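Each chain, written out:
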Number of protein chains: 2
Amino acid sequence: MLGEKAKTIIAIDCMGGDLGEHEVLKGITKAYTKNKSLFFLIHGVGSKMPSLLKKQKRLTGAFRYIPAQQTVSMDEKPSQALRTGRETSMWCALESVAKGEAKVAVSCGNTGALMAMSMVQLRKIDGVNRPAIAVLWPSTNARGFNIVLDAGADIKADAQDLHQYALMGISYAKSGFNIKKPRVGLLNVGTEGHKGRSELQKAADIILESSKIFEFEYAGYVEGDDIPSSKIDVIVTDGFTGNIALKTGEGTATLVRTLLKETFAFSVMARLASFLALKPLRALRKRIDPRRVNGGVFLGLNGTIVKSHGSADATGISAAITLAYKLAQNDFQKNLANKILYKKKIPN
Amino acid sequence: MLGEKAKTIIAIDCMGGDLGEHEVLKGITKAYTKNKSLFFLIHGVGSKMPSLLKKQKRLTGAFRYIPAQQTVSMDEKPSQALRTGRETSMWCALESVAKGEAKVAVSCGNTGALMAMSMVQLRKIDGVNRPAIAVLWPSTNARGFNIVLDAGADIKADAQDLHQYALMGISYAKSGFNIKKPRVGLLNVGTEGHKGRSELQKAADIILESSKIFEFEYAGYVEGDDIPSSKIDVIVTDGFTGNIALKTGEGTATLVRTLLKETFAFSVMARLASFLALKPLRALRKRIDPRRVNGGVFLGLNGTIVKSHGSADATGISAAITLAYKLAQNDFQKNLANKILYKKKIPN
């Protein structure tokens, strides 16, 4: 077994997930089973935690438990969480990153509170105006997903913010997934130059200029139906539009899954059919399973934070931890900061 | 056969669809075959039209052909189409409605140009600030879809515009689909009161007040994944967000359909399975087929215009015509105008 120091240390906020801390612990064990070079700083609340931890036998020796006093609730306003949340598991998990004890923090708690606390504890990278949340979205690309940001860190973004999102998305694509020359598109209501709001037209000009300096391809405006396509790697939008688009996509996928299930329960023949097609149907389910691309990454801060979906189960939490590990390995944080710093030198 | 006068007359702009005027004519024939009380004013361009029309033998006696000089191209700016488009089939089809010769017009041409021309020819209903496009979206509701507006008539909307959209959506739900007390939700990035942009918070207050006067239920904020749900009938948003959300949903459904197809081509077993489950799979395909809920309705004008999807085939065009017929039958236009007029009397 590797010592704690040789391992990649990840801080986990166990509280706030819809399925409870037990499910989060199962997710941690799942991730650890696949990757023994992980070590966890587990932040939790309540008298049940020690016994729950004991049940995860395969996790023995791979974690340190750090008890906290409170949990951030899902409906807490970010401002309130900031004022009163210094004793929460969320705050303490972020502190582990701020103090350099952990490389990345993972939480499935309240997104707004997590972003607010992250901004206070890690501070924005010099030159960044608004941090963003980048998510992975199933696509027909060979790698199986595209990067979309901002997925909801902020409800507005001007042209310069959108340009910063583009640069952050490019860094993420390069460091996280080894995409050499990411293709970046700006989400709009049409692909023609005159379409959309004025800040988009201004952002398009800036991003095009920027593509002459940084290694990426500006693919112009893209529309909602391009998000799952293979013609693009990074999709840039403001957090209001991004959040609603992604949730609409999620809702649609869920609708189709529900109807598909009903379809195969329709008759004896259909049930027999679903038995015959078990293997490919399972592969399909895996392909469109949002749990497997779980993990929104906070970009633009001095530290990497992965926000797992609130409803994530063990599989989803394990995926978020695996993503956190990948980013920790690839010096993602340093590359991003360098880019933003360099960007400040060029006209914006 | 009914005489032209006893029929419901619908003006059709045959030009601008991705699949050409022949497909539009096939769609007209399809709609007519199902409903013999329709009569069409067919607006087309080019020397081929008369012979194409002759081929639609089942349509004999159910239409009048009105040749035009030009076609509005798909990439034409609305302002340009307005300046130079008075000889187009689109303009002439709208003129049929403006002059009272047709009850509704259907076009699958350039949306922006169609809206701009509609506003000039039909003018906005007294009291309406921004017209909107309402679309039907597949949902788990018993009727199989929800109403979403604005789907892209305008790229912005303030609180009062959103309130008008709510009223227009309610009228559409009542007249178009006999929903007695529609449940109306405001699209936002969260359901808590403090979430989202300030115009949404103001709109929420106005719509809640309005629900005390008009017969509908204000269901509060809804999120993207509620669009296909059964907890809501009408979803209100600005045209930028609405357009992107809907296209993202469409893209997701297309992705799943593509993957599903691949799944059943995977092996001999899977192909056998898809044969066994042919009937339920067909039912599923029908259920999530965007062609069957084709037709964006322009709301807020003195006349009803149905915008068919540019890529619609005969099935899609037939669905749009059927929708146009339903609205013509139910005095939709009059009900909507009454509501907006009444609304002006209450504080907004």
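Residue numbers run consecutively from 1 along every chain, following the written order of its sequence. Lettering for chains starts from A, numbering for ligands starts from 1, and both go in the order in which the items are written. Thresholds applied to this predicted model are a pLDDT of at least 70 for local features of residues and 80 or more for the giving and counting of side-chain atom pairs; totals over whole chains, interfaces and linings are not thresholded and use all residues. As a convention, hydrogens and water are excluded, and side-chain values are obtained from all of the structure's heavy atoms.

(A) Spatial organisation of the overall build of chain A. A run of H or I in DSSP becomes a helix once it reaches four residues, and a run of E becomes a strand once it reaches two; helices and strands are each numbered from the N terminus. For chain A, the helix and strand inventory stands at 12 helices and 11 strands. Accessible area is worked out with a 1.4 Å probe on protein chains only. A residue is then buried under 20% of its type maximum, exposed over 50%, and partly exposed in between. Burial analysis of chain A (348 residues in total) assigns 61% to the buried set. In what follows, a contact means two residues having at least one pair of non-hydrogen atoms within 4.5 Å. Restricting the contact set of chain A to residue pairs at least 6 apart, pairs at least 24 apart contribute 73%. The Shrake-Rupley method, run with a 1.4 Å probe, gives the accessible areas here. Residue values count only the displayed protein chains as cover. Total accessible area on chain A is roughly 14200 Å²; 53% of this is exposed by carbon and sulfur atoms.

(B) Representation of the pattern of salt bridges in the model. The rule for a salt bridge is simple: a side-chain nitrogen of Lys or Arg has to be within 4 Å of a carboxyl oxygen of Asp or Glu. Taken as a whole and assessed by the stated rule, the structure comprises 20 salt bridges over all chains. The shortest N-O distance in the salt bridge between Asp161 of chain A and Arg130 of chain A comes to 2.7 Å. One end of the pair, Asp161 of chain A, is in helix 6 (residues 159-177); the other, Arg130 of chain A, is in the loop between helix 5 (111-122) and strand 5 (132-138), and 31 residues separate them in sequence. Of the charged contacts, one joins Glu223 of chain B and Lys247 of chain A as a salt bridge, the two residues approaching to 2.2 Å between their closest N and O atoms. Here Lys247 of chain A lies in helix 8 (residues 239-264) and Glu223 of chain B lies in the loop between strand 8 (217-222) and strand 9 (234-236), a pairing that spans two chains. Owing to a relative accessible area of 16%, Glu223 of chain B belongs among the buried residues under this scheme. Here the residues in one salt-bridge network are Arg130, Asp154 and Asp161 of chain A, joined through shared partners.

(C) Quick peek at the packing of aromatic side chains. Each Phe, Tyr or Trp ring, with Trp reduced to its six-membered ring, pairs with another whose centre is within 6.5 Å; inter-plane angles below 30 degrees give stacked pairs, above 60 give edge-to-face pairs, and intermediate values give tilted ones. Overall, the coordinates contain 4 aromatic pairs over all chains when judged by the stated rule. Ring geometry for Tyr172 of chain A against Phe177 of chain A: centres 5.3 Å apart, planes inclined by 70°, an arrangement best described as edge-to-face. Classification of Tyr172 of chain A as buried rests on a relative accessible area of 0%. Members of the aromatic cluster, connected to one another through ring pairs, are Phe145, Tyr172 and Phe177 of chain A. Geometrically, a lysine NZ or arginine CZ counts as sitting over a ring once it is within 6 Å of the ring centre and also within 35 degrees of the ring normal. In this structure, Lys36 of chain A packs its charged tip against the face of Tyr32 of chain A, placed 5.5 Å from the ring centre. In this structure, Arg197 of chain A packs its charged tip against the face of Phe240 of chain B, placed 4.2 Å from the ring centre.

(D) Layout of the packing of helix 6 of chain A against helix 7 (residues 198-210) of chain A. Residue and element names in this part refer to chain A. To get an axis, a line is fitted to the C-alpha atoms, and for a helix only the part in contact is used. The angle between two axes follows their N-to-C directions and goes from 0 to 180 degrees. Close contact between helix 6 and helix 7 brings their axes to 8 Å; oriented N to C, the two are set at 40°. As far as their axial angle goes, helix 7 and helix 6 are oblique. Crossing angle aside, the handedness with which helix 6 passes helix 7 is right-handed. Between helix 6 and helix 7, the contacting residues are Ala159, Leu162, His163, Ala166 and Leu167 on the first element and Glu199, Leu200, Lys202, Ala203, Ile206, Ile207 and Ser210 on the second. Think of it as three bins: nonpolar holds Ala, Val, Leu, Ile, Met, Phe, Trp, Tyr, Cys and Pro, charged holds Asp, Glu, Lys and Arg, and polar takes everything else, Gly as well. Split by residue class, the contact of helix 6 with helix 7 holds 8 nonpolar, 2 polar and 2 charged. An angle below 35 degrees is read as roughly parallel, one above 145 as roughly antiparallel, one from 65 to 115 as roughly perpendicular, and any other as oblique. Helix crossings fall into two classes, left-handed where the near helix is turned counterclockwise from the far one by less than a right angle and right-handed where it is turned clockwise.

(E) Representation of the packing of helix 1 (residues 21-34) of chain B against helix 11 (residues 314-329) of chain B. Residues and elements named next belong to chain B. Between helix 1 and helix 11, whose axes approach to 7 Å, the crossing angle comes to 55°. Considered as vectors, helix 1 and helix 11 are oriented oblique to each other. Of the two possible hands of crossing, helix 1 and helix 11 adopt the one that is right-handed. Listed contacts from helix 11 to Glu23, Val24, Lys26, Gly27, Ile28, Lys30, Ala31 and Lys34 of helix 1 are Ala314, Thr315, Ile317, Ser318 and Ile321.

(F) Structural context of empty space enclosed by the protein. Only protein atoms enter the calculation, which uses a 1 Å grid: trapped sets of points that fit a 1.4 Å probe without letting it out are cavities, open sets showing protein on both sides within 12 Å along at least five of seven lines are pockets, and any residue with an atom within 4 Å of a point is a lining residue. Grid points are joined across faces, edges and corners, and a volume is the space filled by probe spheres set on the points. Tallied over the entire structure, the rule returns 3 cavities of 30 Å³ or more. As a volume, the largest cavity reaches approximately 60 Å³. Residues of the lining of the largest cavity, tallied by class, amount to 5 nonpolar, 1 polar and 3 charged. Here the second largest cavity is characterised by a volume of approximately 50 Å³. Within the lining of the second largest cavity, the residues separate by chemical class into 5 nonpolar, 1 polar and 3 charged.

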